[in-house]
Amino acid sequence: MSEQMTAKVDVDLAQPSILSRRNPLRYLMLLGGLAVLVLLPYWIYPPVAMDILCWGLFAISVDLLLGFTGLLSFGHAAFWGGSAYCTGLIATHWGVPFPVAVVGGAVFAMLIAWPIGYLSVRRTGIYFAMVTLAFAQMLYFIANQARDLTGGENGLQGIPRSFFGIELVEEDSFYFYYVGAAMILVGIFIAWRVVNSPFGRVLTAVRDNPARARALGYDVERFKIKAFVISAGLAGLAGGVFAISHQFASLQELMWTTSGKVVLVTVLGGIGTLWGGLVGAGVVVTLEDFLASSGFEGIGLITGSIFVLIVLLFRHGIWGTGRNVLRRYVLDRRKRARD
Amino acid sequence: MTGTPLLETRALTKEFRGFRAVSDVDLTVAQGTVHALVGPNGAGKTTLFNLLTGFLTPTSGTVTFDGQDITGRAPEQIAPLGIARSFQITSLFEAMTLREHLELALASPTGMGKQWWRSVTRMATFKDRAMDLLEQVGLADRAGAPASSLAYGQKRALELAIAMALDPKLLLLDEPTAGMGIEDVDRTIALVKQLSAGRTVVFVDHNMHVVGSLADQVTVLQSGQILAEGPYEQVRADERVITAYLGATHE
Ligand SMILES: Nc1ncnc2c1ncn2[C@@H]1O[C@H](COP(=O)(O)OP(=O)(O)OP(=O)(O)O)[C@@H](O)[C@H]1O
Ligand SMILES: [Mg+2]
């Protein structure tokens, strides 16, 4: 008994949410989330708040592939960093308002994602991860070589932050946050829309059983490429806002460690949960900021240990575990109501 | 219209590193017939199905379907032409509900699956047809349950409904009764009979009771080659077939 099956990433996903589409708790959570978004720069240093949102959308873009399509990209720094540079260059040389520059960066990320996706989606599992990593390393190498354009090791410095005639200097970080947050919100909305669309339904089919999806007439490779390009666009959007926020784009953004960190943030938040990315980013970014300001040297060691701990304790990440707990609670109550 | 071939293979061959799993197979399936493909384990039945549906590319030979040469085309190109298949091992989207399975199959030819900017609730366009199909296979009351919650026999029935959702000209079923108890087997026979009305079916099965009840025509495969062909009674009496079956281990 042999069967031709396509290998896939075997991720153990959390149970889907038990809340129905119109459950009031959903709206409550959405409102709560928006409130946090608005209040965040009052609680923490605005640039750090901005970092959380950027990394949050970056992680969501990775989750779109890992959690909803079954593809582990280990080269997403290419889109985040590629867009950071492109956004910076557009803002510097063309003097356009920064949201326009960011959109330019995101489009650039999608443009490079298309051939990369085309060449890598034939591979699955760890091979897909390796091919994407290889392309990201290539881009890193190119950026390092093209010093005239990228500034090489010095990075792209002093990226202007002009917003339709207003120059938002460093002291305006608080106001910048709200413009940046609005852009990130658009990205999150797109991700949510994609996941909850007919296209998203096909993606989960592709993730769970590619052979079955093909037998139904769905072109699995094409769906994967499209998901890859959309994901790259979102990563690019996040990277662009990040570069504008820091007014700086560096090689760090293209490094493989960045690709690794975003996967970590995604796993920490919970694979296949979408919102988990934001929570994971909240944890990692605030932790790094706290450790950096305390002058502690081994930041990587601490975040690494915490990562190991969370993954061991909560197999489905923070959001996924929360969802499972809620599910158990609701089911328990229903059962007790029946008895 | 019995008589005109819907499916034809010519000298179809598949080699795996020099090993011929399917060898020079000339198979003709007439329109409107139910055709059984039998043979011992490893005879090449599933490989043949994979060649017909594009999951494998033949080493040589051709596949003609409905007058079109479809040799070497991909599964997603072949499915829309009107070939639906089921898999030997139950192959579902375990986390999806039954209705979602059918909506996904029904949406496939419409291109709705490409719409990433619209709400997934649009898939409900296919709800009525989906419920009809579930009704036909006796699973309507489970429409909202995930496939993983079904019993084995129910899963196989769901697979039949999914295949029917594609409204195929040719239905390929790889061991639809494998691993079933006698009751489920009889139910499946009745179901396939009902669903195959007016369609062309090729199915693989080891159970001779199933073959005898369903098949107009039987093809016996052994070591990748056609050993015998004809109506059930004739093939069953064939000396070579008897030796092949007695000489081979099978369930
Ligand atoms: N992808 C593959 N690579 C190498 N060999 C294969 C592959 N697929 C099938 N084979 C071999 O080809 C032969 C035919 O296999 P196939 O699955 O078609 O048999 P079958 O008639 O469906 O058997 P069963 O009744 O057990 O399902 C077997 O010897 C099998 O090991
Ligand atoms: Mg088989």
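This section reports on the structure supplied with the text.

What counts, and where the lines are drawn
- Residues numbered from 1 in each chain as written.
- Chains lettered and ligands numbered in written order.
- Predicted model: local features only at pLDDT ≥ 70, side-chain atom pairs only at ≥ 80, totals over all residues.
- Heavy atoms only, no water.
- Helix = DSSP H or I, 4+ residues; strand = E, 2+ residues; numbered from the N terminus.
- Contact = heavy atoms within 4.5 Å.
- Expected span 1.5 Å × (residues − 1).
- Buried < 20%, exposed > 50% of the residue type's maximum accessible area, 1.4 Å probe, protein only.
- Salt bridge = Lys/Arg side-chain N within 4 Å of Asp/Glu carboxyl O.
- Buried area = accessible area lost by both parts, 1.4 Å probe.
- Polar contact = N/O pair within 3.5 Å; in protein donor to acceptor, adjacent residues only side chain to side chain.
- Donors = N, O, S within 2.8 Å, 3.2 Å for Na, K, Ca; no water.
- Axes fitted to C-alpha atoms, helices over the stretch in contact; angles between N-to-C directions.
- Left-handed = near helix turned anticlockwise from the far one by under 90°.
- Nonpolar A, V, L, I, M, F, W, Y, C, P; charged D, E, K, R; others polar.
- Pairing = 2+ DSSP bridges.
- Phe/Tyr/Trp six-rings, centres within 6.5 Å; stacked < 30°, edge-to-face > 60°.
- Core = buried A, V, L, I, M, F, W, Y, C linked by side-chain atoms within 4.5 Å.
- Patch = residues over 30% accessible without salt bridge, like charges linked within 9 Å, V, L, I, M, F, W, Y side chains within 5 Å.
- Areas by Shrake-Rupley, 256 points an atom, 1.4 Å probe, with all protein chains shown as cover.

**Remarks on the side chain of Ser231(A)**
Moving on, step 1. Considering the arrangement of structural elements, one finds Ser231(A) in helix H10 (residues 220-246).
Moving on, step 2. Those residues within four positions of Ser231(A) in sequence are excluded, and the remaining contacts are Ser61(A), Val62(A), Leu64(A), Leu65(A) and His76(A).

**Here's the deal with helix H11 (residues 256-269) of chain A**
An α-helix turns once every 3.6 residues. As a result, residues three or four positions apart point the same way.
Residues and elements named next belong to chain A.
Moving on, step 1. With 14 residues, H11 ought to run about 20 Å at 1.5 Å a step, and its terminal C-alpha atoms sit 20 Å apart, in line with that.
Moving on, step 2. For H11, a buried count of 10 out of 14 residues is recorded, marking the element as mostly surrounded by other parts of the structure.
Moving on, step 3. When H11 is considered as a whole, its buried residues turn out to be Thr258, Ser259, Gly260, Val262, Val263, Val265, Thr266, Val267, Leu268 and Gly269.
Moving on, step 4. At the C-terminal side of H11, Gly270 shows a positive phi close to 125°.

**Considering the pattern of salt bridges**
Residues and elements named next belong to chain B.
Moving on, step 1. For the coordinates displayed, the defined rule picks out 19 salt bridges over all chains.
Moving on, step 2. Arg10 is the salt-bridge partner of Asp26, the closest N and O atoms lying 3.9 Å from each other. A residue pair is termed long-range when its members are at least 10 positions apart, and Asp26 in the loop between strand E2 (19-25) and strand E3 (28-30) and Arg10 in strand E1 (residues 5-16) qualify at 16 residues.
Moving on, step 3. Among the residues examined, Asp26 registers a relative accessible area of 40% and is labelled partly exposed.
Moving on, step 4. Salt bridges here are not isolated pairs; linked through shared partners, they connect Glu8, Arg10 and Asp26.

**Some thoughts on the interface of chain A and chain B**
Moving on, step 1. Counting from both sides, the interface comprises 31 residues of chain A and, opposite them, 38 residues of chain B.
Moving on, step 2. For the pairing of chain A and chain B, the buried interface totals around 3,300 Å² over both sides, and the portion due to carbon and sulfur atoms is 61%.
Moving on, step 3. There are two salt bridges connecting chain A and chain B.
Moving on, step 4. One salt bridge in this structure joins Arg214(A) and Glu76(B), with 2.9 Å as the shortest N-O distance.
Moving on, step 5. Counting across the interface, chain A meets chain B through 12 residue pairs in polar contact (both at pLDDT 80 or more).

**Observations regarding the coordination of the magnesium ion (ligand 2)**
All names here are of chain B.
Moving on, step 1. For the magnesium ion (ligand 2), the full set of protein donor atoms is Thr46 (OG1) and Gln88 (OE1), and the range of their distances to it is 1.9 to 2.1 Å. Residue Thr46 is found in helix H1 (residues 45-52), and its partner Gln88 is found in the loop between strand E7 (83-85) and helix H3 (98-107); the two are separated by 42 residues along the sequence. Side by side, Thr46 and Gln88 carry an identical accessibility label, which is buried.

**Section: the side chain of Ser23(B)**
Residue and element names in this part refer to chain B.
Moving on, step 1. When you line up the elements, Ser23 lands in strand E2.
Moving on, step 2. On the basis of relative accessibility, which here comes to 7%, the residue Ser23 falls in the buried class.
Moving on, step 3. Polar contacts involving the side chain of Ser23 include one to the side chain of Arg20, which spans 3.0 Å.
Moving on, step 4. The contacts of Ser23, once residues within four sequence positions are left out, are Leu12, Thr13, Gly224 and Gln225.

**So, the packing of helix H4 (residues 98-120) of chain A against H10(A)**
Residues and elements named next belong to chain A.
Moving on, step 1. Two elements in contact, H4 and H10, have axes whose closest approach is 7 Å; the angle formed by their N-to-C orientations is 145°. You can see that H4 and H10 cross each other, and the crossing is right-handed. Each of Phe98, Val102, Ala106, Ala109, Met110, Ala113, Trp114, Ile116, Gly117 and Tyr118 in H4 lies in contact with H10, whose residues at this interface are Ile225, Phe228, Val229, Ala232, Gly233, Gly236, Leu237, Gly240, Val241 and Ile244.
Moving on, step 2. Across the contact of H4 with H10, the residue classes break down as 16 nonpolar, four polar and no charged.

**Digging into the pairing of strand E11 (residues 225-230) of chain B**
All names here are of chain B.
Moving on, step 1. Two strands pair when backbone bridges link them, and strand E10 (residues 217-222) and E11 are joined in this way by five bridges, in the antiparallel orientation. For Leu221, the partnering residue across the bridge sits in E11 and is Ile226.
Moving on, step 2. In this structure, the hairpin formed by E10 and E11 is closed by a connection of two residues, where Ser223 is found at a positive phi of approximately 45°.

**Thoughts on the environment of Ile271(A)**
Residues and elements named next belong to chain A.
Moving on, step 1. Along the chain, Ile271 falls in the loop between H11 and helix H12 (276-293).
Moving on, step 2. Ile271 gets classed as buried once you look at its relative accessible area, which sits at 18%.
Moving on, step 3. Linking Ile271 and Gly317, residues 46 residues apart in sequence, is a C-alpha distance of 7.0 Å.

**A short note on unusual backbone geometry**
Moving on, step 1. Phi is positive for Gln247(A), which is not a glycine, with a value near 50°.
Moving on, step 2. Relative to the helices and strands, Gln247(A) resides in the loop between H10 and strand E4 (248-249).
Moving on, step 3. Although it is not a glycine, Ser223(B) sits at a positive phi angle of roughly 45°.
Moving on, step 4. Within the secondary structure, Ser223(B) sits in the loop between E10 and E11.

**Remarks on the packing of aromatic side chains**
Moving on, step 1. Going through the model one piece at a time under the given rule, you end up with 17 aromatic pairs over all chains.
Moving on, step 2. Taking the centre distance of 5.6 Å and the plane angle of 20° together, the rings of Trp114(A) and Tyr118(A) count as stacked. Taken together, the residues span about one helical turn, with Trp114(A) and Tyr118(A) both in helix H4 at a distance of four residues.
Moving on, step 3. Overall, the relative accessible area of 49% leaves Trp114(A) in the partly exposed class.
Moving on, step 4. By relative accessible area, Tyr118(A) is classed as partly exposed at 39%.
Moving on, step 5. Centroid distance Trp116(B) to Trp117(B): 5.9 Å. Interplanar angle 90°. Geometry classified as edge-to-face.
Moving on, step 6. By relative accessible area, Trp117(B) is classed as partly exposed at 47%.
Moving on, step 7. These aromatic residues form a ring-pair network of at least three members: Tyr42(A), Phe174(A), Tyr175(A), Tyr177(A) and Tyr178(A).

**Quick look at the nonpolar core**
Moving on, step 1. Counting residues in hydrophobic clusters, the biggest one holds 151 residues, and the most contacted among them are Phe79(A), Leu104(B), Leu158(B), Phe203(B) and Val218(B).
Moving on, step 2. Tallying contributions element by element places H10(A) first for this core, with 16 residues.
Moving on, step 3. For Leu104(B), the residues in contact, after removing those within four places along its chain, are Arg201(A), Val202(A), Ala205(A), Leu216(A), Tyr218(A), Phe93(B), Met96(B) and Met123(B).
Moving on, step 4. Leu27(B), Val63(B), Leu172(B) and Val204(B) belong to the second-largest nonpolar core, a separate cluster that totals 24 residues.

**Some words on a nonpolar patch on the surface**
Moving on, step 1. A cluster of nonpolar side chains, namely Val36(A), Val38(A), Leu39(A), Tyr42(A) and Trp43(A), defines an oily patch on the protein surface of about 520 Å² accessible area.
Moving on, step 2. Taking relative accessible area as the criterion, Val38(A) reaches 44% and is therefore assigned partly exposed.

Scope: geometric values only; no functional claims are made or implied.
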